[in-house]
Amino acid sequence: MQKMNLNLCAIALLLFGSLSGAQSRAVDIVDDSNDVDNSIETEEAPQSQSKHHNRAFEDDWLKFTKTPPTKMQQAPGATLEIACEMMGSQVPSIQWIVGHMPLSEIDNLESNSITEYAPSAIVRVRSVHIVDHMLSEPRIYTCIGRTGSKTIYASTVVHPAHADQELGSLIVPEKQYQGPQKPRIIYTEKTHLDLMGSTIMLPCKVHARPHAKITWRNNEDKEIVQSHRFKVLPTGDLLIADLKWEDMGNYKCIAHNAVGRDSADTFVYPVLKED
């Protein structure tokens, strides 16, 4: 079995240097009264603790690099963005659930995304949940991250806007905001490290109305054209085959429509295989 190159481990440690030293702690996800670390990590199943074959790491690992805030206040007519970032072995996936769900159900919740198989990768992923309608009551939004046997999650309680503090809350039917919306990139990778020779996929998911056109620029800041190694998929994701050392650098996803544009960078780091 090929082990992860020491350079990769060293870089991962440097990237994690910005993380808080505090340990994750479990809190009641429906309690919005405590201003504490709201991240939760599940216990690993005993059967998953055995050594995996063809893996760069013997154990799966996953940590938040940015937890969503515990509370947020909605402003009248404004679109709200809740951001969540995490980093881990393989390619972590993030999904959101809306409303209260018991922790036991979160642990057993099936992911609705297709997980990319990349046993030698280390990836930092970012997801943004868009609230583009006026809430009539407080609501819980939970960011759930998974990789292999690991699951972590953290929740945000969003409070509705108040039209008049003296009259109290304005109770109105929930209705999506009308009209066009500029693109917002809601799912992307901040960093992707993998062995040279691997095939990697860089996601770029966009929330926009009308539909946004997606283009990519490479590590030389040139627009990527389709080739046998670089392919922009119909989903907007970028596929890079046979990863090479010269592919290292920033790749920029650009989304634009008639209303505006948004962009996001992914740093790709190819790693030399060890004999």
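Parameters and conventions
Residues numbered from 1 in each chain as written. Predicted model: local features only at pLDDT ≥ 70, side-chain atom pairs only at ≥ 80, totals over all residues. Heavy atoms only, no water. Helix = DSSP H or I, 4+ residues; strand = E, 2+ residues; numbered from the N terminus. Buried < 20%, exposed > 50% of the residue type's maximum accessible area, 1.4 Å probe, protein only. Contact = heavy atoms within 4.5 Å. Areas by Shrake-Rupley, 256 points an atom, 1.4 Å probe, with all protein chains shown as cover. pLDDT = per-residue confidence, 0-100. Pairing = 2+ DSSP bridges. Axes fitted to C-alpha atoms, helices over the stretch in contact; angles between N-to-C directions. Disulfide = S-S within 2.5 Å. Polar contact = N/O pair within 3.5 Å; in protein donor to acceptor, adjacent residues only side chain to side chain. Salt bridge = Lys/Arg side-chain N within 4 Å of Asp/Glu carboxyl O.

**Quick word on the overall build of the protein**
The secondary structure content of the protein amounts to two helices and 16 strands. With 275 residues in all, the protein has 46% of them scored as buried. If you take every contact in the protein between residues at least 6 apart in sequence, the share linking residues at least 24 apart comes to 71%. Accessible area of the protein: about 14,500 Å², with a carbon and sulfur share of 53%.

**Thoughts on the confidence of the model for the protein**
With 67% of its residues at a pLDDT of 70 or more, the protein shows a mean pLDDT of 79. Low pLDDT, under 50, characterises residues 45-53; the stretch is placed with eight contacts to residues that sit more than four places away or in other chains. This model gives residues 163-169 a pLDDT under 50, and the stretch forms three contacts once residues within four places in sequence are excluded.

**Things to note about the sheet that holds strand β10 (residues 200-202)**
Read from one edge to the other, the open sheet built from three strands follows the order β10-β14-β13, with strand pairing classed as antiparallel. This sheet does not close on itself; its edge strands, each paired only once, are β10 and β13 (230-232). Each strand of the sheet is rotated relative to its neighbour by a mean of 20°, with strand direction disregarded. Bridging between β10 and strand β14 (residues 238-240) involves three bridges; their strand directions are antiparallel. Looking at β14, one finds that M201 is bridged to L239.

**Considerations on the state of the cysteines**
Between two cysteines, a covalent bond joining their sulfur atoms is known as a disulfide. In total, this model carries two disulfides according to the counting rule given. Through a disulfide, C84 is tied to C143; the S-S separation comes to 2.0 Å. For the disulfide bridge between C84 and C143, the dihedral angle about the S-S bond is near -75°, and by the sign convention the bridge is left-handed. One end of the pair, C84, is in strand β4 (residues 80-89); the other, C143, is in strand β7 (residues 139-147), and 59 residues separate them in sequence.

**Thoughts on the side chain of S127**
Here S127 is to be found in strand β6 (residues 122-131). Within the local environment of S127, its side chain forms a polar contact with the side chain of W96, the two groups lying 2.9 Å apart. Setting aside residues no more than four positions away along its own chain, S127 makes contact with I82, A83, C84, I94, W96, I186 and Y187.

**Observations regarding the pattern of salt bridges**
Tallied over the entire structure, the rule returns 10 salt bridges. Put simply, E137 and R139 hold a salt bridge, and the shortest N to O gap is 3.8 Å. On the basis of relative accessible area, E137 is assigned to the partly exposed category, the value being 45%. The exposure class of R139 is buried, given its relative accessible area of 19%. Put simply, D221 and R217 hold a salt bridge, and the shortest N to O gap is 3.0 Å. Within the structure, one salt-bridge network assembled from shared partners comprises E85, R124 and R126.

**Points about the environment of L202**
Its location among the elements puts L202 in strand β10. On the basis of relative accessible area, L202 is assigned to the buried category, the value being 0%. For the pair L202 and I240, spaced 38 residues apart in the sequence, the C-alpha separation amounts to 8.1 Å. Apart from the residues lying within four places of it in its own chain, the contact partners of L202 are E189, H192, W216, D237, L238, I240, Y251, T266 and V268.

**Remarks on the pairing of strand β9 (residues 181-195)**
Most of β9 is tucked away, with 12 of its 15 residues classed as buried. Relative to β9, β6 runs antiparallel, the two being bridged by six bridges. Bridged to S127 within β9 is Y187. Of the strand pairs in this sheet, β9 and strand β16 (residues 261-271) are connected by five bridges, and their pairing is parallel. From the neighbouring strand, L193 faces β16, where its bridge partner is Y269.

**Description of the environment of S198**
Along the polypeptide, S198 turns up in the loop between β9 and β10. Judged by relative accessible area, which is 15%, S198 ranks as buried. Ignoring sequence-local partners within four residues, the contact set of S198 consists of S120, I240, A241, D242 and L243. Within the local environment of S198, its side chain forms a polar contact with the backbone oxygen of L195, the two atoms lying 2.8 Å apart.

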